[in-house]
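This is what each chain is made of:
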Amino acid sequence: MDTLLEFDTNLFYIINTRLTSGVLDAYMPFVSDKSNFYAVILLGALIMLASGWKKGLRSFIVLAIAVAASDLSGGLIKNLLMRARPCHALEGVRLFSACGKAYSFPSGHAMNIFAAMVFLTTRYRRFWPLFMFIALSVSYSRVYVGVHYPLDVLGGATLGAAIAYLFFLADKTLIQRIINSTADRQEGH
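Analysis parameters
- Residues numbered from 1 in each chain as written.
- Predicted model: local features only at pLDDT ≥ 70, side-chain atom pairs only at ≥ 80, totals over all residues.
- Heavy atoms only, no water.
- Phe/Tyr/Trp six-rings, centres within 6.5 Å; stacked < 30°, edge-to-face > 60°.
- Helix = DSSP H or I, 4+ residues; strand = E, 2+ residues; numbered from the N terminus.
- Buried < 20%, exposed > 50% of the residue type's maximum accessible area, 1.4 Å probe, protein only.
- Lys NZ or Arg CZ within 6 Å of the ring centre and 35° of its normal.
- Axes fitted to C-alpha atoms, helices over the stretch in contact; angles between N-to-C directions.
- Parallel < 35°, antiparallel > 145°, perpendicular 65-115°, else oblique.
- Contact = heavy atoms within 4.5 Å.
- Nonpolar A, V, L, I, M, F, W, Y, C, P; charged D, E, K, R; others polar.
- Salt bridge = Lys/Arg side-chain N within 4 Å of Asp/Glu carboxyl O.
- Disulfide = S-S within 2.5 Å.
- Polar contact = N/O pair within 3.5 Å; in protein donor to acceptor, adjacent residues only side chain to side chain.

K.L.:
Is there a simple way to explain the packing of aromatic side chains in this structure?
P.N.:
Within a pair of aromatic rings, the relevant descriptors are the distance that separates the centres and the angle that separates the planes. One pass over the structure, following the stated rule, counts six aromatic pairs. Between Y140 and Y144, the aromatic rings sit 6.5 Å apart at their centres with planes inclined by 35°, giving tilted as the arrangement. One end of the pair is Y140 and the other is Y144, both in helix α7 (residues 128-144) and four residues apart, which spans about a single turn. Its relative accessible area of 29% is what places Y140 among the partly exposed residues. Linked through ring pairs, F12, Y13 and Y149 together constitute an aromatic cluster. Looking at R83, its charged tip hangs above the ring of Y149, at a distance of 3.9 Å from the centre.

See the structure below:
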């Protein structure tokens, strides 16, 4: 375990202090700013609504629930594991945003953006390169701006993707059955 944590710290320093540029110094804080998620949500909503009002609304509701579940479970895991953020634990961190008081593992940004983008990919496969670019950019930015270790991001991305896939499966099977049985009952009356 110590070897893995040492590797994680070394990789953090490589990303945060060596693989840098002026362009990335400007771009990564923008990508990492949670308020910019609203633009991503708007993009997702427009894609959903363009596919049809009923299907789009249903997709948006399931997406919102999946992201909320991701956010809640990430917070629970953080409080169980209590891993300090690199900006609190390490020397020489280039910090581009507030360090935050919450714990580090898993990255909530990575969990939420992967939950959203993987769910959208299950619905709108032709946009998967755009969705994955967004998810990877946001996730990478969390290390670049100095607030998460790479394993925080990898863990968050994995958990967020898994949650999205579970909601996709639930929507595909359980929710569809409920809709079909309700429609059948309405036709029977």
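K.L.:
What exactly am I supposed to notice about the packing of helix α1 (residues 2-18) against α7 here?
P.N.:
Relative orientation and spacing of two packed helices are given, respectively, by the angle between their axes and the distance between those axes. Here α1 crosses α7 at 90°, and the two axes come no closer than 8 Å. Taken together, α1 and α7 sit at an angle that is classed as roughly perpendicular. Taken together, the residues of α7 that come into contact with α1 (itself represented by F12, I15 and N16) are Y140, V143 and Y144. Considering only residue class, the contact of α1 with α7 consists of five nonpolar, one polar and no charged.

K.L.:
How should I be thinking about the pattern of salt bridges in this particular structure?
P.N.:
Pairing of side chains with opposite charge becomes possible as their charged atoms draw close. With the rule as written, the count across this model stands at five salt bridges. The closest approach of N and O atoms between D171 and R58, which form a salt bridge, is 2.9 Å. Of this pair, D171 sits in helix α8 (residues 150-188) while R58 sits in helix α4 (residues 53-81); the two residues are 113 residues apart in sequence, bridging distant segments of the chain. The exposure class of D171 is buried, given its relative accessible area of 2%. Accessibility expressed as a relative area gives 23% for R58, which makes it partly exposed. The closest approach of N and O atoms between R83 and D152, which form a salt bridge, is 2.8 Å.

K.L.:
Explain the state of the cysteines here, please?
P.N.:
In a disulfide, the sulfur atoms of two cysteines are held together by a covalent bond. Taken as a whole and judged by the stated rule, the model has one disulfide. The disulfide bridge from C87 ends at C99, spanning 1.8 Å between sulfur atoms. Because the torsion about its S-S bond is 85°, the bridge between C87 and C99 counts as right-handed. Here C87 is found in helix α5 (residues 86-89), whereas its partner C99 is found in the loop between α5 and α6 (108-123), with 12 residues between them in sequence. Both residues of the pair, C87 and C99, count as buried.

K.L.:
Help me understand the environment of R85 in this model?
P.N.:
Structurally, R85 can be placed in the loop between α4 and α5. Overall, the relative accessible area of 6% leaves R85 in the buried class. Separated by 35 residues in sequence, R85 and L120 place their C-alpha atoms 30 Å apart. Excluding residues within four positions of it along the chain, R85 makes contact with K78, C99, G100, A102, Y103, S104, R142, V147, H148 and Y149. At 3.2 Å, the side chain of R85 and the backbone oxygen of C99 are in polar contact. Engagement of the side chain of R85 in a polar contact is seen with the side chain of H148, the distance being 3.3 Å.

This is a description of form; function is not addressed.
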